[in-house]
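In case you want the letters, here they are:
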Amino acid sequence: MSYYQQRDVGPLPPPALGDKLRLYHVDMNPYGHRVLLILEAKKARYEVYKLDPLRLPEWFRSKNPRLKIPVLEIPTDQGDRYLFESVVICDYLDEKYTRNQLHSRDPYVKAQDRLLIERFNELIKGSLECFDTNFAFGSEQIIQTLDIFEKELGSRETNYFGGHRPGMLDYMIWPWVERLYLLRCVNERKFDEKRHLFPNFADWGDQMQLDDVVKKHSNSPQDYFDYYKNARTHTMGYYL
């Protein structure tokens, strides 16, 4: 069972790590959301320190001059160290914690999944454009990318990209898919009409929402809608 605590970052650095990991994360940021999912899937002991991207403390800036967020702090024999980039962090966690392996053991399938994660970056870009233009729905970039993943699920003939349960690819793309559901708050009829274009992907999304790991760190469509409507701070794309 995972051990999870959440705190706000203060003006002084937190104490040295003991037997757990520490994630520095901006609330509602999908890149950090990725890492939270993998930490939970691995049942790791971890704590989360929430950052305000507009008020980063000096100690954090000095340790992280590139201001990359999320950051995973890990205990090592040489002292506590930082890891950056959400995909790199998640790959590290999958190798470090062998329980519930998320990457395929087949090197070719693993490589294909990594290519699909890169391909999904186009959906990330499309969703950013969508949310920055009054949530205009129907972006061709989103539709084209979803079509690729729809066909991929069809070819694999599995409920999840990872097979009979969610794997790394499922969790890597989920944070953005979860946010796309906010479009139901804009035009529910128009959103639901799109389901018939992507039956496999729509069913996948329904099943992902029932996953215990996903439920641990989920927000409702209304939560996301209110956040992006009121903030519009480009938080989705500000950090990698």
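Refer to the preceding data block for the structure.
Residue numbers here run from 1 along each chain, matching the order of that chain's written sequence. Local features in this predicted model are restricted to residues of pLDDT 70 or higher, and side-chain atom pairs are both shown and tallied only at a pLDDT of 80 or more, whereas totals for entire chains, interfaces and linings draw on every residue. Think of the side-chain values as coming from all heavy atoms in the structure, minus any hydrogens and water.

Undergrad: I'd like a description of the pattern of salt bridges, backed by residues and values.
TA: Any Lys or Arg side-chain nitrogen located within 4 Å of an Asp or Glu carboxyl oxygen qualifies as a salt bridge. Taken as a whole, this structure holds 16 salt bridges when the rule is applied. Note that Glu 47 is salt-bridged to Arg 22, the shortest N-O span being 2.6 Å. With Glu 47 in strand E3 (residues 45-51) and Arg 22 in strand E2 (residues 21-26), this pair connects stretches of sequence that are 25 residues apart. When accessible area is computed with a 1.4 Å probe and restricted to protein chains, residues below 20% of their type maximum are described as buried, those above 50% as exposed, and intermediate ones as partly exposed. Note on Glu 47: relative accessible area 2%, which makes it buried. Salt-bridge contacts for Glu 73 lead to Arg 22; the nearest nitrogen and oxygen are separated by 3.0 Å. You can see Glu 73 sitting in strand E4 (residues 71-74) and its partner Arg 22 sitting in strand E2, a full 51 residues away along the chain. Ionic contacts of the salt-bridge type, sharing partners, join the residues Lys 20, Arg 22, Glu 47 and Glu 73 into one network. Here a helix means four or more residues in a row that DSSP labels H or I, a strand means two or more in a row labelled E, and each is numbered from the N terminus.

Undergrad: Can you break down the packing of helix H6 (residues 168-180) against helix H8 (residues 199-208) residue by residue, with the values?
TA: For any two helices packed against each other, one specifies the crossing angle of their axes together with the interaxial distance. Only the contacting stretch of a helix is used when fitting its axis, a line to C-alpha atoms as for every element, and angles between N-to-C directions run 0 to 180 degrees. The interhelical angle for the contact between H6 and H8, taken along N-to-C directions, is 95 degrees, at an axis separation of 12 Å. In terms of orientation, H6 lies roughly perpendicular with respect to H8. Contacts from Asp 170, Tyr 171, Ile 173, Trp 174 and Val 177 in H6 reach Phe 201, Trp 204, Gly 205 and Met 208 in H8. Taken together, the residues that form the contact of H6 with H8 break down as 7 nonpolar, 1 polar and 1 charged. For classification purposes, angles smaller than 35 degrees are called roughly parallel, those larger than 145 roughly antiparallel, those between 65 and 115 roughly perpendicular, and all remaining angles oblique. Contacts between residues were defined by any pair of non-hydrogen atoms, one from each residue, lying within 4.5 Å. Think of it as three bins: nonpolar holds Ala, Val, Leu, Ile, Met, Phe, Trp, Tyr, Cys and Pro, charged holds Asp, Glu, Lys and Arg, and polar takes everything else, Gly as well.

Undergrad: I'd like a rundown of helix H10 (residues 221-230), residues and numbers included.
TA: When we look at burial in H10, the residues that qualify are Tyr 224, Phe 225 and Tyr 228. Buried residues in H10, looked at end-on, bunch into an arc of 100 degrees, giving them a common side. Arc, as used here, means the arc of the directions from the helix axis to the C-beta atoms.

Undergrad: I'd like to hear about unusual backbone geometry, residue by residue, with values.
TA: As a rule of thumb, non-glycine residues mostly have phi less than zero, and peptide bonds are mostly trans rather than cis. Cis rather than trans, the peptide bond between Ile 69 and Pro 70 has omega equal to 10 degrees. Tracing the chain through its elements places Pro 70 in the loop between helix H2 (58-63) and E4. The phi dihedral of Asn 100 falls on the positive side, at around 55 degrees, and the residue is not glycine. Turning to its location among the elements, Asn 100 is positioned in the loop between helix H3 (86-96) and helix H4 (107-131). Phi at Glu 157 is positive, roughly 55 degrees, even though this residue is not glycine. Position of Glu 157 among the secondary structure elements: in the loop between helix H5 (140-156) and H6. For Glu 157, a relative accessible area of 72% translates into the label exposed.

Undergrad: Outline the nonpolar core, supporting the account with residue identities and numerical values.
TA: Put simply, a nonpolar core is a bunch of buried Ala, Val, Leu, Ile, Met, Phe, Trp, Tyr and Cys residues held in one set by side-chain atoms that sit within 4.5 Å of each other. Tyr 171, Phe 201 and Trp 204 are the most contacted members of the largest nonpolar core, which totals 54 residues. Among the elements that take part in this core, H6 stands out by supplying 9 residues, more than any other. In this structure Trp 204 touches Leu 153, Asn 159, Tyr 160, Phe 161, Asp 170, Ile 173, Trp 174 and Val 177, once residues within four positions along its chain are discounted. One finds Val 26, Tyr 49, Leu 51 and Tyr 82 within the second-largest nonpolar core, a separate group that totals 11 residues.

Undergrad: So what about the packing of aromatic side chains? Which residues, and what values?
TA: Under the pairing criterion, centres of Phe, Tyr and Trp rings, with the six-membered ring standing for Trp, must be within 6.5 Å; the plane angle then separates stacked pairs below 30 degrees from edge-to-face pairs above 60, leaving the rest tilted. As enumerated under the stated definition, the model contains 15 aromatic pairs in all. Measuring from centroid to centroid gives 5.9 Å for Trp 59 and Phe 60, while their planes differ by 90 degrees, and the two rings are edge-to-face. In terms of burial, Trp 59 and Phe 60 fall into one category: buried. Pairing Phe 120 with Phe 149 gives two aromatic rings, centres 5.4 Å apart and planes at 85 degrees, and the pair type is edge-to-face. Taken together, the positions of Phe 120 in helix H4 and Phe 149 in helix H5 put the pair 29 residues apart, joining distant regions of the chain. Of the two residues, Phe 120 and Phe 149, neither departs from the other in class, the shared state being buried. Each residue in the set Phe 120, Phe 149, Phe 161, Trp 174, Tyr 181, Phe 191, Phe 201 and Trp 204 is aromatic and connected to the rest through ring pairs, giving one cluster.

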